[in-house]
Amino acid sequence: MKVLILGGNGMLGPWAVKAMKSRHDILLTDINEPRPGYAGDYLKLSADDVDGVVDAAEGMDVIVNLSVLRPHRQLAFDVNTMGNYAMMVAAREHRINRVITSGPHYQMAGQQYEEWDFDLNPDMPPAPGTRLYAHTKALGQEICRVFSERHGIQVITLLYYNMKHSWDLSGMEPGGPEYHQDMTPYSTAWQDCGTAVQAAVEVPAERLATRCETFFVFPDLPHRKFNNEKIKRVLGWSPRYHVEGLWNKEFRTPPSNLHEAF
Amino acid sequence: MNLLITSAVSDTAKLIANGLSGKHNLRLTDLPESATAGILANKLDHEAETDRLVADIEAIVNIGFQGQTGSATHIMDYHTRRMYNLLQAASDAGVRRFINISTLRLFEDHEENLAVTERWRTDPSAEDTELLGAHMAEYVCKEFARDRLIQVVNLRLGWPFDGSESDETATISSELIVAAVEESLVSDELAEWQDIHIQSAVENQRFITSTAAKLLPGLAERLAR
């Protein structure tokens, strides 16, 4: 398939490209210059440039929007909200049947859900609240939903939170990895974050119950705060890394090598 | 009461401002490219200028539908980012109530025989950017109310204003619009997020207005046929 990726130079983009580059024709776009050594097709493009996104989307089968901007109020709206608007206008103009968007879990399961409830699943009504990142991403998702209802465009939303290096379980937090702390909401290895995008691109339409489906992306975790059953069942996504060292205090130095279990 | 009215150049804002003038202290605002004499030019950015705009304001009447004209990108940006900035500034300043003027056209694709109430999900168009903008403005408002930062009254008005044709089954009079805003400013029956549907009592009336009659009791007589 021909896949247009918006915001592809961020943290997640390279892992999505790695998962898909040998299987699909990718046009990678980003507001920044390409990473050194990137040899694929590349276009410098801001995700909120409606006309530019429409032009870039011509001839594409799928659009994947991985653009993210968190702290700056103007830019957060431009990228997180208007970026999805641009994507949906482009999908409508070119009759592109599938778009994939991404964001944090709390664009759906906002503070009230997270503080009060368990077994949170991606089919709940969104309640993002007013935190800038969650709110702007939720508005973007709502725009996708409206376009999907009106035009039948298949929207798949992938919701992440912490993303970790598989080798030492460090992420974007300063000071290196922290083990054995509260691991809610959830963490996912970068490689598996990328393969979730691949799974969303490739899932047969008949496996999707509606034209607008959302998934929490994380491996099996013991806290049961969130539920990841849907992504495994529907997308067939199977994470290779379980980030167990983050939460299992016996993971690195099991007493008696666990012989007492027998 | 000290009131701020947004998109003051729009016909809806003028109608409301004319009806409220003399009864309240009005502060009118619109974007710099639109603002005329007597209207404060404000971009509704996230800078201190927006904080100053809402200082000492007790309630805001926000034109959330057909308040702005321009490109689709402008309409979408206004009804998302600038609404967020306004609501954030208002909640920081302790503004008590935010009256969002929306539209019953968010249900216009429903057949007329359906008894649509405030508990029905809206069905906005993706093609009509004004309607999509109205929907997005409602979304932003609702999240501020959900977080208990400000009380929002979402007034969905019928259409057209002051219609006179017999097939205009959702019409609303100018007088009723002003009265609904006035009642919304003072009612103590309202939830933190309160949708209210309002149209004139006409033959084959399209939308049910019993919520308005109950929560805005000063309107009950006008809403009864």
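Description of the confidence of the model for chain B
Mean pLDDT over chain B stands at 97; residues scoring 70 or higher make up 100%. Quick note on the complex model: pTM equals 0.95, ipTM equals 0.95.

Let's talk about helix α1 (residues 11-20) of chain B
Residues and elements named next belong to chain B. Of all 10 residues making up α1, 7 are buried, and the element is well covered by its neighbours. All buried positions along α1 are accounted for by T12, A13, L15, I16, A17, G19 and L20. On the buried face of α1, the contacting elements are β1 (2-5), β2 (25-30), β4 (59-63), β5 (97-103) and α5 (174-186). The first or second residue beyond α1 is G22, which carries a positive phi of 90°.

Here's the deal with the interface of chain B and chain A
Taken together, the contacts link 29 residues of chain B with 28 residues of chain A. Summed over both sides, the interface of chain B with chain A buries roughly 2,500 Å², with 59% coming from carbon and sulfur. If you sort the residues of chain B by the area they bury against chain A, B:R81, B:Y84 and B:Y139 come out on top, with a joint share of 24%. For the pair chain B and chain A, the interface holds 3 salt bridges. Between A:R150 and B:D123 there is a salt bridge whose closest N-O contact spans 3.6 Å.

Section: the sheet that holds strand β3 (residues 40-41) of chain B
Residues and elements named next belong to chain B. Pairing is parallel in the open sheet, where 7 strands are placed in the order β3-β2-β1-β4-β5-β6-β7. On the outer flanks of this sheet lie β3 and β7 (193-198), each paired with one strand and no other. As paired strands, β5 and strand β6 (residues 151-157) are joined by 7 bridges and run parallel to one another. When the sheet's bridge partners are listed, I101 is paired in β6 with L155. Helix-sheet contacts for helix α4 (residues 129-146) involve β5, β6 and β7, and the interaxial angle to β5 is about 155°.

Overview of the environment of A:Q154
The topology assignment puts A:Q154 in strand β6 (residues 154-160). For A:Q154, a relative accessible area of 2% translates into the label buried.

Regarding the packing of helix α3 (residues 72-93) of chain B against α4(B)
Helix packing for two helices is described by the angle between their axes and how far apart those axes are. Residues and elements named next belong to chain B. Axis separation between α3 and α4 bottoms out at 9 Å; the angle between their running directions is 20°. The pairing of α3 with α4 is recorded here as roughly parallel in orientation. The handedness of the crossing between α3 and α4 comes out as right-handed. Across from A72, I75, M76, H79, T80, M83, Y84, L87, Q88 and S91 in α3, the residues of α4 making contact are T129, E130, L132, G133, A134, M136, A137, V140, C141 and F144. When grouped by side-chain class, the residues that make up the contact of α3 with α4 number 13 nonpolar, 6 polar and 1 charged.

Quick word on the pairing of β4(B)
All names here are of chain B. Here β4 lies mainly inside the structure; 5 of its 5 residues are buried. The alternating pattern of β4 places A59, V61 and I63 on one face and I60 and N62 on the opposite face, and all of these are buried. Note that β4 and β5 share 5 bridges and pair parallel. By the bridge assignment, V61 is partnered in β5 with I99. Running through α3, the crossover from β4 to the neighbouring parallel element β5 is right-handed.

Regarding the sheet that holds strand β2 (residues 25-30) of chain A
Strands pair in a sheet through their backbones, by hydrogen bonds, and they do so in one of two ways: parallel or antiparallel. Residue and element names in this part refer to chain A. The 7 strands lie next to each other as β3-β2-β1-β4-β5-β6-β9, forming an open sheet whose pairing is parallel. Across the chains shown, the open sheet's two edge strands, defined by having one partner strand only, are β3 (41-44) and β9 (212-216). The sheet shows a mean angle of 20° between the axes of neighbouring strands, direction not considered. Bridging between strand β1 (residues 2-6) and strand β4 (residues 62-65) involves 4 bridges; their strand directions are parallel. For V3, the partnering residue across the bridge sits in β4 and is V62. Contacts between helix α6 (residues 190-202) and the sheet are confined to β1, β4, β5 (98-104) and β6, with β6 contributing the most and set at about 165° to the helix.

A look at the packing of helix α2 (residues 50-57) of chain A against helix α3 (residues 73-94) of chain A
Residues and elements named next belong to chain A. One way to put it is that α2 packs onto α3 with a least axis distance of 8 Å and a crossing angle of 40°. The angle between the axes of α2 and α3 places the two elements in the oblique class. The way α2 lies across α3 gives a crossing that is right-handed. Packed against α2, whose contacting residues are V50, V53, V54 and A57, the element α3 presents Y85, A86, M87, V89, A90, E93 and H94 at the interface. Residue composition of the contact of α2 with α3, by class: 9 nonpolar, 1 polar and 1 charged.

The rules behind these values
- Residues numbered from 1 in each chain as written.
- Chains lettered and ligands numbered in written order.
- Predicted model: local features only at pLDDT ≥ 70, side-chain atom pairs only at ≥ 80, totals over all residues.
- Heavy atoms only, no water.
- pLDDT = per-residue confidence, 0-100.
- Buried < 20%, exposed > 50% of the residue type's maximum accessible area, 1.4 Å probe, protein only.
- Helix = DSSP H or I, 4+ residues; strand = E, 2+ residues; numbered from the N terminus.
- Contact = heavy atoms within 4.5 Å.
- Buried area = accessible area lost by both parts, 1.4 Å probe.
- Salt bridge = Lys/Arg side-chain N within 4 Å of Asp/Glu carboxyl O.
- Pairing = 2+ DSSP bridges.
- Axes fitted to C-alpha atoms, helices over the stretch in contact; angles between N-to-C directions.
- Parallel < 35°, antiparallel > 145°, perpendicular 65-115°, else oblique.
- Left-handed = near helix turned anticlockwise from the far one by under 90°.
- Nonpolar A, V, L, I, M, F, W, Y, C, P; charged D, E, K, R; others polar.
- Right-handed = clockwise from strand over helix to strand, strands pointing away.

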